[in-house]
Amino acid sequence: MNDMIQMIAALKASIVDFFGWLKTLAGSVAVAGAAGGAVRAMTLKESPFQSIISISVGFICASYLSQPIANRFAGDIDRESVGFLVGIGGIAIVGFVLDLIRKYRAEKTGKGAA
């Protein structure tokens, strides 16, 4: 019984921590990226599975790429807006990077790109 109470307390603390994180800049940027992924999914009329992938990739890409992209531009730029745009284009960015890696590997091994 005591273990169950401890598990519930730990779960409650995790949920509170997660919602607290959502209120931070990093959390709001990640949510903006997920929203961008959702817009992409709705615009392209993706399947439910592909929509989950788009939202997840938007969330991850915005979390890691919005700050470097925002730093590239001079002046005042809203990181949440950058996160949203990165969320929309996240899959394209990932696909581009993977294509570059495949091309590099094919050149190194002397084999055609798979």
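For the structure itself, look to the data block above.
Along each chain, residue indices are assigned from 1 in the same order as the chain's sequence is written. A pLDDT threshold of at least 70 governs which residues receive local features in this predicted model, and a stricter bar of 80 or more applies before side-chain atom pairs are shown or counted, although totals over entire chains, interfaces and linings include all residues. Side-chain descriptors were evaluated using all non-hydrogen atoms of the structure, hydrogens and water having been removed beforehand.

S.K.: Tell me what's going on with the overall build of the chain, and back it up with residues and numbers.
M.R.: A tally of regular secondary structure across the chain gives four helices and zero strands. For the purposes of this entry, the term helix denotes a DSSP run of H or I that reaches at least four residues, the term strand denotes a run of E that reaches at least two, and both are numbered from the N terminus. Shown N-terminal to C-terminal, the secondary structure of the chain runs as helices and strands in the order α-α-α-α. Based on C-alpha atoms, the radius of gyration is set beside the globule rule, defined as 2.2 Å times the residue count to the power 0.38. A compact globule built from 114 residues would reach a C-alpha radius of gyration of about 13 Å, whereas the chain, at 19 Å, exceeds it by more than 25%. Principal-axis analysis of the C-alpha atoms places the extent of the chain at approximately 60 × 40 × 30 Å. Nonlocal contacts in the chain, meaning residues at least 24 apart in sequence, comprise 62% of its contacts between residues at least 6 apart. Whether two residues are in contact is decided by their heavy atoms, any of which lying within 4.5 Å being enough.

S.K.: Could you give me a rundown of the packing of helix 3 (residues 48-72) against helix 4 (residues 79-109), with the residues and numbers involved?
M.R.: To get an axis, a line is fitted to the C-alpha atoms, and for a helix only the part in contact is used. The angle between two axes follows their N-to-C directions and goes from 0 to 180 degrees. Interhelical geometry of helix 3 versus helix 4 gives an angle of 125° and a closest axis separation of 6 Å. Classified by the angle between their axes, helix 3 and helix 4 sit oblique to one another. In this structure, helix 3 meets helix 4 at a crossing whose hand is right-handed. Contact residues: Gln50, Ile53, Ser54, Val57, Gly58, Cys61, Ala62, Leu65, Ser66, Gln67, Ile69 and Ala70 in helix 3; Arg79, Val82, Gly83, Val86, Gly87, Gly90, Ile91, Ile93 and Val94 in helix 4. Should an angle fall under 35 degrees it is taken as roughly parallel, and over 145 as roughly antiparallel, whereas 65 to 115 is taken as roughly perpendicular and any remaining angle as oblique. Helix crossings get a hand from a simple test, with the near helix turned counterclockwise from the far one by less than a right angle marking a left-handed crossing and a clockwise turn marking a right-handed one.

S.K.: Pulling in residues and values, what's your account of the pattern of salt bridges?
M.R.: Whenever Lys or Arg places a side-chain nitrogen within 4 Å of a carboxyl oxygen from Asp or Glu, that contact is recorded as a salt bridge. Considering all chains together, one arrives at two salt bridges under this definition. One salt bridge connects Arg40 with Glu46, and the closest N-O pair in it is separated by 2.2 Å. With a 1.4 Å probe rolled over the protein chains alone, any residue whose accessible area is under 20% of its type maximum counts as buried; one over 50% counts as exposed, and the rest are partly exposed. For Glu46, a relative accessible area of 18% puts it in the buried group. Note that Asp99 and Arg102 form a salt bridge whose closest N and O atoms lie 3.3 Å from each other. Taken together, the residues span about one helical turn, with Asp99 and Arg102 both in helix 4 at a distance of three residues.

S.K.: How would you summarise unusual backbone geometry if you had to cite specific residues and measurements?
M.R.: Look at Lys45: it is not a glycine, yet its phi comes out positive at around 55°. Within the secondary structure, Lys45 is located in the loop between helix 2 (25-43) and helix 3.

S.K.: An account of the packing of helix 2 against helix 4 is needed here, citing residue identities and associated values.
M.R.: Relative to each other, helix 2 and helix 4 sit at 40°, their axes nearing to 7 Å. Viewed along their axes, helix 2 and helix 4 adopt a mutual orientation that is oblique. The crossing of helix 2 and helix 4 is right-handed. Touching Leu25, Ser28, Val29, Ala32, Gly33, Ala35, Gly36, Gly37, Val39 and Arg40 of helix 2 are Arg79, Glu80, Gly83, Phe84, Gly87, Ile88 and Ile91, all from helix 4. When residue character is reported, Ala, Val, Leu, Ile, Met, Phe, Trp, Tyr, Cys and Pro are called nonpolar, Asp, Glu, Lys and Arg charged, and the others, Gly included, polar. Of the residues assigned to the contact of helix 2 with helix 4, the class counts are eight nonpolar, six polar and three charged.

S.K.: Which residues make up the packing of aromatic side chains, and what values do they have?
M.R.: For this analysis, a ring pair means two rings from Phe, Tyr or Trp (six-membered ring only for Trp) whose centres lie within 6.5 Å, classed as stacked if their planes differ by under 30 degrees, edge-to-face if by over 60, and tilted for the remaining angles. Following the criterion strictly, the structure yields three aromatic pairs and no others. With a centroid separation of 5.6 Å and 75° between ring planes, the pair formed by Phe18 and Phe19 is classed as edge-to-face. Each ring, one from Trp21 and one from Phe59, has its centre 6.1 Å from the other, and the planes form 55°; the classification is tilted. With a gap of 38 residues between them, Trp21 in helix 1 (residues 2-22) and Phe59 in helix 3 connect regions that are remote in the sequence. Its relative accessible area of 30% is what places Trp21 among the partly exposed residues. Taken together, the ring pairs connect Phe18, Phe19, Trp21 and Phe59 into an aromatic cluster.

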